[in-house]
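Coordinates in review
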Amino acid sequence: MIEAFSLLFAIALAATLSLKLWLGWRHIRHVGGNRHAVPAAFRDNITLEQHRHAADYTIAKTRLGLLSAWVDTALAAAFTFGGGLQWLALHSQQWFASPLLSGMALIVCMTVLSSLISLPLSLYGTFGVEVRFGFNKMTPRLYLLDQLRGIGISILIGLPLLAVVLWLMDIAGPAWWLWVWLVLCLVQLLGLVLYPILIAPLYNKFWPLADEALKARIDALLARTGFRSNGVYVMDGSRRSSHSNAYFTGFGAGKRIVFYDTLLEKLSHDEIEAVLAHELGHYKRRHIAKRIAVAFTLSLLFLALLGQLLHAPWFYAGLGVTAPSTAMALLLFMIAIPAFTFPLTPLSSRSSRKHEYEADDFAAGETRAADLQSALVKLYRDNGATLTPDPIHSAFYDSHPPAALRIQHLKGSQS
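Residues numbered from 1 in each chain as written. Predicted model: local features only at pLDDT ≥ 70, side-chain atom pairs only at ≥ 80, totals over all residues. Heavy atoms only, no water.

An unreviewed UniProt entry lists the chain under the name M48 family metallopeptidase, with Chromobacterium subtsugae as the source organism.

This is the structure in structure tokens:
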């Protein structure tokens, strides 16, 4: 059983890496092969130079993603077959006599080590790729501050949560996974409420929308769609990047609407209203609730599976570990499960693209479809999004429909 599971995991790990590489190189070839001609539907709004810029940006990001796939696979193999987790476990047990503290130390050490190994790729993405294509506005000092903020949040929130999870795994009996699931669900829901109030302001500045004419249009849109929010805010997105976006945050009556300052600079009032209507469509079609329900269901299934593996010696030995523990089981599961579930990624992507089309239909019913079309074209252009993704790569990864299909769908809404 041990040898069989080792072989199965090795095959899954290699197959996942091979699939990622194949998809990435397909995407690079397809985007590069179409960089010399703007698709007919966009020729009135996007120049050949802008199209090539987006293609080159996409290729650079994809290549970085391929390198990241190699690093992730190497780390998974090193921590399991290479004895990395076994070595960390032996040292953490020497540092702490308490199983809870040694387990927490094991997970913290593995997380820190993985982050340090991946740090050069993060730095290159931010200060290499994003700078080269004119998107990055972040300074090294701000990058460092963001990292320190993330560490502080992990210490204040992540460590206590980790302690509770490991404690429940040890003392809650055979149904520990159900108790852990309930705690995680509660924390995630609480996070939706507290994030815009406590976490987001640590990273960005927010201020009420000052444009009275635009605010009046937004209030009218919210009123006729029956959407309640506790405010419309602008965020200093330009402090870190020239990319544009808009989003909802919060939960229940505490929901708030947030526009990047870069978005307000680039779009007309009609276009901003159409973009907001699209985001409203996600709420009105209950996409957010459906995604939360799916996430909670999957987490329950995975925790139940981990409950079956927790006391299975072949699970540990098959992944190169001779010192079973609750913390070790959690780490091994987190390393192994992506290799087995990655081929299912298109199912999630397909569901997300369906939701995007439904939100576009909602926006076309509440505003002019032509305004959403023009807004999307500007966002594709200014964010460096490729207009010609590889179809298979897009079907596998993309949470949003390809630009050409999305615009075609909106044009159909006008007829």
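Enumeration according to the criterion identifies 15 salt bridges in this entry. When the shortest N-O distance is used, the salt bridge between Asp390 and Arg26 registers 2.9 Å. Here Asp390 is found in the loop between helix 14 (369-383) and helix 15 (391-397), whereas its partner Arg26 is found in helix 1 (residues 2-33), with 364 residues between them in sequence. Residue Asp390 is classed as buried on the basis of its relative accessible area, which comes to 1%. Taking the relative accessible area as the measure of exposure, Arg26 reaches 23% and is therefore partly exposed. A salt bridge links Lys354 to Glu358, with the shortest nitrogen-to-oxygen separation between them at 2.6 Å. Of this pair, Lys354 and Glu358 are both found in helix 13 (residues 345-366), four residues apart, which corresponds to roughly one turn of the helix. (Salt bridge = Lys/Arg side-chain N within 4 Å of Asp/Glu carboxyl O. Helix = DSSP H or I, 4+ residues; strand = E, 2+ residues; numbered from the N terminus. Buried < 20%, exposed > 50% of the residue type's maximum accessible area, 1.4 Å probe, protein only.)

Right, let's get into helix 7 (residues 212-225). Residues three or four positions apart in an α-helix share a direction because the helix packs 3.6 residues into each turn. In this model, helix 7 (14 residues) spans 20 Å end to end at C-alpha, consistent with the 20 Å of a helix rising 1.5 Å per residue. Where helix 7 is buried, its residues meet strand 2 (232-235), strand 4 (256-260), helix 8 (261-266), helix 9 (269-284) and helix 13. One side-chain oxygen at the N-terminal end of helix 7 lies 3.2 Å from the backbone nitrogen of Ala213; it belongs to Asp211. Of the residues flanking the end of helix 7, it is Gly226, one or two places downstream, whose phi is positive at about 70 degrees. (Expected span 1.5 Å × (residues − 1). Contact = heavy atoms within 4.5 Å. Polar contact = N/O pair within 3.5 Å; in protein donor to acceptor, adjacent residues only side chain to side chain.)

Judged by which residues are buried, strand 2 turns out to be covered on both faces: Val232 and Val234 on one side and Tyr233 and Met235 on the other are all buried. Pairing geometry for strand 2 and strand 4, over four bridges, is parallel. What sits directly across from Val232, in strand 4, is Ile257. (Pairing = 2+ DSSP bridges.)

Moving on, we get to the nonpolar core. Of all hydrophobic cores here, the largest spans 53 residues; its most connected members are Leu85, Leu166, Met169, Phe315, Tyr316, Met328 and Leu332. The greatest single-element share of this core, amounting to 11 residues, is contributed by helix 12 (residues 326-341). Leave out the neighbours within four places in its chain, and Tyr316 touches Leu309, Leu310, Val321, Pro324, Ser325, Met328, Ala329 and Leu332. Listed in part, the 39 residues of the second largest apolar core include Phe248, Phe259, Phe362 and Leu372. (Core = buried A, V, L, I, M, F, W, Y, C linked by side-chain atoms within 4.5 Å.)

Let us now look at the packing of helix 10 (residues 287-309) against helix 13. Angle between the axes and distance between the axes are the two parameters that describe a pair of packed helices. One way to put it is that helix 10 packs onto helix 13 with a least axis distance of 11 Å and a crossing angle of 165 degrees. Considering their axes alone, helix 10 and helix 13 lie roughly antiparallel with respect to each other. In the packing of helix 10 onto helix 13, the handedness of the crossing is right-handed. Seen from helix 10, the contacting residues are His287, Lys290 and Arg291; seen from helix 13, they are Ser352, His355, Glu356, Glu358 and Ala359. (Axes fitted to C-alpha atoms, helices over the stretch in contact; angles between N-to-C directions. Parallel < 35°, antiparallel > 145°, perpendicular 65-115°, else oblique. Left-handed = near helix turned anticlockwise from the far one by under 90°.)

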